[in-house]
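Spelled out from the first residue to the last, the chains are:
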Amino acid sequence: MKRRVSIGLAVVLLLAVVGVIVWGRGDGGGDLATVRGVIGSEKQAFFTDQRVVDAFAKHGLKVEVDTAGSRQIATTVDLGKYAFAFPSSSPAAQKIQRDRKVTTVYTPFQSPMAIASFEPIVALLKANGAVHKGAGDYDVLDIAKYLELAKAGTRWDQLPGNTAYPARKNVLVTTTDPRESNSAAMYLSIVSFVANGNAVVSTPEQEAKVLPSVAKLFLDQGYTQNSTEGPFEDYLSAGMGKTPLALIYESQYVGRAGRGDGSIRPDMRLLYTAPTVYSKHTLVPLTADGDKVGQLLATDPELGRLAATAGFRTTDPKLFAEVAAHAPADLVDAIEPPSFETLERLLDAVGKQY
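All figures in this text were calculated on a predicted structure; none of them were measured in a lab. (Residues numbered from 1 in each chain as written. Predicted model: local features only at pLDDT ≥ 70, side-chain atom pairs only at ≥ 80, totals over all residues. Heavy atoms only, no water.)

**What to know about the overall build of the chain**
Short version of the rule: Only DSSP runs of H or I covering at least 4 residues are called helices, and only runs of E covering at least 2 are called strands; the numbering of each starts at the N terminus. Residue exposure (1.4 Å probe, protein chains only): buried if accessible area is under 20% of the type maximum, exposed if over 50%, otherwise partly exposed. Residues count as neighbours in contact if any of their non-hydrogen atoms are within 4.5 Å of one another. Computed with a 1.4 Å probe, the accessible areas rest on the Shrake-Rupley method; for each residue, only the protein chains presented here act as cover.
For the chain, the helix and strand inventory stands at 15 helices and 11 strands. Here the C-alpha coordinates of the chain stretch approximately 100 × 45 × 35 Å along the principal axes. Residues classed as buried in the chain amount to 50% of the 354 residues present. For the chain, contacts bridging at least 24 residues in sequence account for 75% of all contacts bridging at least 6. Only carbon and sulfur atoms are counted for the fraction: they give 54% of the accessible area of the chain, which is about 16300 Å².

Shown next, in the form of structure tokens:
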């Protein structure tokens, strides 16, 4: 009798163990395939979000990421140890695609470049003709007017009627380091387009024409940080005195506002640039598992909702509209960046002047 009971208990225990294993695998808690990728830093918060980690686990994946600048990913990072590369710009992705002879890429989300500012600054720039309404109910920084102010070396305290921000420093947008950061390259795409007579820079002659004016926009800033997280955090913590105009990705502002943690205060404003450029986050798969990550980001509804919650515009506009009701649904004054090679030459030429 005791022997039968022991055998019965052993069977029950075995079944319980098997059940736990099966249940764990079904919930993404079993053995997961580790997939490593290299990404732009602005996506790190998304990939480390526990909800995103859990969503990948449901598909049997544990996605681990390293961060690097998009220029670095395309030129100096050893991609041999990664399953996917996920830069923040389509020119960088196109170079990787060509170099690695990859036929398929994924662009699961994108984000236009924008300017984080404050109500008194916006009002002051409106009064001086540098800010106006866009095609919808949103404000834009007129890049042509801004270039005029920058070329003349205009200080904030020289703007007529300025009582809100009489700072003795030049009217300049705070950017990242053009030698390292993708957001600075996107900014260069915008200002070079306007400086080139509203045309994408595409020839060496055009590069030489715009270089003096666009280089000044970076050099006159002095020290610049190598990631957009830097100026954005300065904007949030130090306020208008240090950073009246900060170049950011729209996703940073929208994602932070969505947290509801009080870091986006009532006097803060989001400006778009006229024109603007979309930073197209493009995943280049380097292995079969990397391709699976790209497919999931592009098609999985749960990951799409989480990307929208993080502030990114996904392939389903409704997802972004649900979390960013006050952001424009579409930005019609958008341009394409120059080719990777043209951007590289411009960035290198600016870098040599530091």
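**Thoughts on the side chain of Arg256**
By the element assignment, Arg256 lies in helix α11 (residues 250-259). Those residues in contact with Arg256 that lie beyond four places of it in its chain are Phe232, Glu233, Leu236, Asp261, Ser263 and Ile264.

**Observations concerning the nonpolar core**
Definition in use: Side-chain atoms within 4.5 Å link the members of a nonpolar core, which is a set of buried Ala, Val, Leu, Ile, Met, Phe, Trp, Tyr and Cys residues.
Counting 68 residues, the largest nonpolar core has Leu125, Leu141, Tyr146, Trp156 and Tyr235 as its most contacted members. Beyond its immediate chain neighbours, meaning those up to four positions away, Leu141 contacts Ile115, Leu125, Ala130, Val131, Tyr146, Val173, Tyr272, Thr273 and Ala274. The next biggest cluster of nonpolar side chains, apart from the first, holds 23 residues, and it includes Phe47, Phe56, Val293 and Leu306.

**With respect to the pattern of salt bridges**
When the charged atoms of two side chains lie near each other, side chains of opposite charge can form a pair. What counts here: The salt bridge definition used is simple: a Lys or Arg side-chain nitrogen within 4 Å of an Asp or Glu carboxyl oxygen.
A full pass over the atoms with the stated rule returns 23 salt bridges. Lys62 is the partner of Glu64 in a salt bridge, and the nearest nitrogen-oxygen pair spans 3.5 Å. A salt bridge links Asp220 to Lys216; its shortest N-O distance comes to 2.8 Å. Using a relative accessible area of 28% as the deciding quantity, one classes Lys216 as partly exposed. Put simply, Arg36, Lys62, Glu64 and Asp66 are held in one network by salt bridges that share partners.

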